[in-house]
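Spelled out from the first residue to the last, the chains are:
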Amino acid sequence: MTTDETTNTVDKSSTSLDKGADPVDAPPVGNPDAAEGAATVIDPRLLIREQGFAGYLTEFKRKISGGDLGSIPVIIGLAIIAIVFQSLNSEFLSAKNISDIAVTMVATGMMAVGIIFVLLLGEIDLSVGSVSGVSGALVAVLSVTQGMNEWLAIVVAIVSGAVMGAIHGFFFARIGAPAFAVTLAGLLFWLGFMLQLLGDSGTINLDGEGVVGQLTTYYFTDVAAAYGLAAVAVVGYFAAAFLDTRRREAAGIPSRPIADIAVRTAVLAVFAFAAAYMFNQYRGLPLALVLFLIVLVGTDFLLRRTAYGRKIFALGGSVEASRRAGINVTAIRIGGLFWASKIAAANQGSGTGDLLMNVIAAAVIGGTSLFGGRGRTWNALLGVMVIVSIQYGLSLEGIATPIQYMVTGAVLLATVVIDSVTRKTQKTAGRA
């Protein structure tokens, strides 16, 4: 290997770490004897934590000047959306509307979580809507038509969605066909397969009191449920951050100040308990939202705290650098596509219309890069909140559906432009 090749490999590997993984938690060096004499280099980003709020302010200015905006644009966008629509209609921030938004965004958000895994690889999946439609059709056919136990039918549908993703992954990673072409073919094929499953009637009604029917209609009416979940979220966050700080201190690594953890926890507590209060003013805590949050926490842990997640980030940063590092590119690519599966309504409209657009838009608007290597599963929550909030706000004003499509498309375009400009700014600043 030449000197230039070695330098390029190191640069690419550093880029992938900068985008996705915390260098402190990186796996140990494979050759400790060779690394023993090497100088220890501490990521300067970790030193910021020792400087307290002044250090974070300096780091914030550095990120802004370097084009690393993070979730700032989408958070500002959500604030503007709330202010504008609340000024136009006082019902926008009402307990009922907020609860309805929370339930409505779950289906698209669940699918956006799967798309984020694909986008982190620097790829795209156009078949996610059709796959969800097939999964919903399977649940309906097996549980209603064939009389199968509903829980078993759900398991079969989820496994089937994973198999469909694996088929796409095989043609992409093993055969070498472009992901765009493979999933476009999958979109058409699985859409036809769904229509075939549903038969001539085109619709199979599910039991509204069954497992699937209750997913979006069940609410925990006891006020303790919403407040309890908020308390668990706040305490869980503080405990995780505190233990992480103690672990870093024990290892002699710069850690986050306790005061910083306390402020972050307080901010989370304000939003969590405010949301709990609003839910309790209407029908209580929605089951759908609880399940969505569980998925978000689980997938976030998978991405940021496991070797599998780090490999996904590494692949999105540089496939060639990851290949040289010994990562099984093919296996991780196929695995990333497994997540693009969910259960939808069993009718001919399942997986069609604006579903695919909203799923991809939610992931991108939330902060996941279309170029791969940057994003978190929590981006799905932020992105889908933007989309559904815009839709509900426009609906309250009686704005026609075509205009809603146009506004959502404009927001998506603005997000992609910001992402592209950010990447160029980071390259100029020498950070990409």
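This text gives an overview of the structure that appears in the document. Fair warning: this is a prediction, and the values are worked out from it, not measured in the lab.

Some details on helix 12 (residues 258–280)
End to end, helix 12 covers 32 Å across 23 residues, agreeing with the expected 33 Å (1.5 Å per residue, within 8%). Burial in helix 12 covers these residues: Asp260, Ile261, Thr265, Ala269, Ala272, Ala276, Phe279 and Asn280.

Let's talk about the packing of helix 11 (residues 223–250) against helix 12
Running from N to C, helix 11 and helix 12 point in directions that differ by 165°, and their axes come no closer than 9 Å. Between helix 11 and helix 12, the angle is such that the two are roughly antiparallel. Read as a crossing pair, helix 11 and helix 12 show a hand that is right-handed. In the contact of helix 11 with helix 12, the residues fall into 19 nonpolar, three polar and two charged.

Description of the pattern of salt bridges
A side chain with one charge can pair with a side chain of the opposite charge if their charged atoms come near. Applying the stated rule across the entire model yields seven salt bridges. With a shortest N-O distance of 2.9 Å, aspartate 100 and lysine 96 are connected by a salt bridge. In this pair, aspartate 100 and lysine 96 both sit in helix 6 (residues 95–120), four residues apart, roughly one turn of the helix. Given the relative accessible area of 18%, aspartate 100 is considered buried. Using a relative accessible area of 45% as the deciding quantity, one classes lysine 96 as partly exposed. For aspartate 300, the salt bridge is made with arginine 376, and the minimal N-O distance between the two is 3.1 Å. Separated by 76 residues along the polypeptide, aspartate 300 in helix 13 (residues 287–305) and arginine 376 in the loop between helix 17 (355–365) and helix 18 (378–396) bring together distant segments of the chain.

Procedures and definitions
Residues numbered from 1 in each chain as written. Predicted model: local features only at pLDDT ≥ 70, side-chain atom pairs only at ≥ 80, totals over all residues. Heavy atoms only, no water. Helix = DSSP H or I, 4+ residues; strand = E, 2+ residues; numbered from the N terminus. Expected span 1.5 Å × (residues − 1). Buried < 20%, exposed > 50% of the residue type's maximum accessible area, 1.4 Å probe, protein only. Axes fitted to C-alpha atoms, helices over the stretch in contact; angles between N-to-C directions. Parallel < 35°, antiparallel > 145°, perpendicular 65-115°, else oblique. Left-handed = near helix turned anticlockwise from the far one by under 90°. Nonpolar A, V, L, I, M, F, W, Y, C, P; charged D, E, K, R; others polar. Salt bridge = Lys/Arg side-chain N within 4 Å of Asp/Glu carboxyl O.

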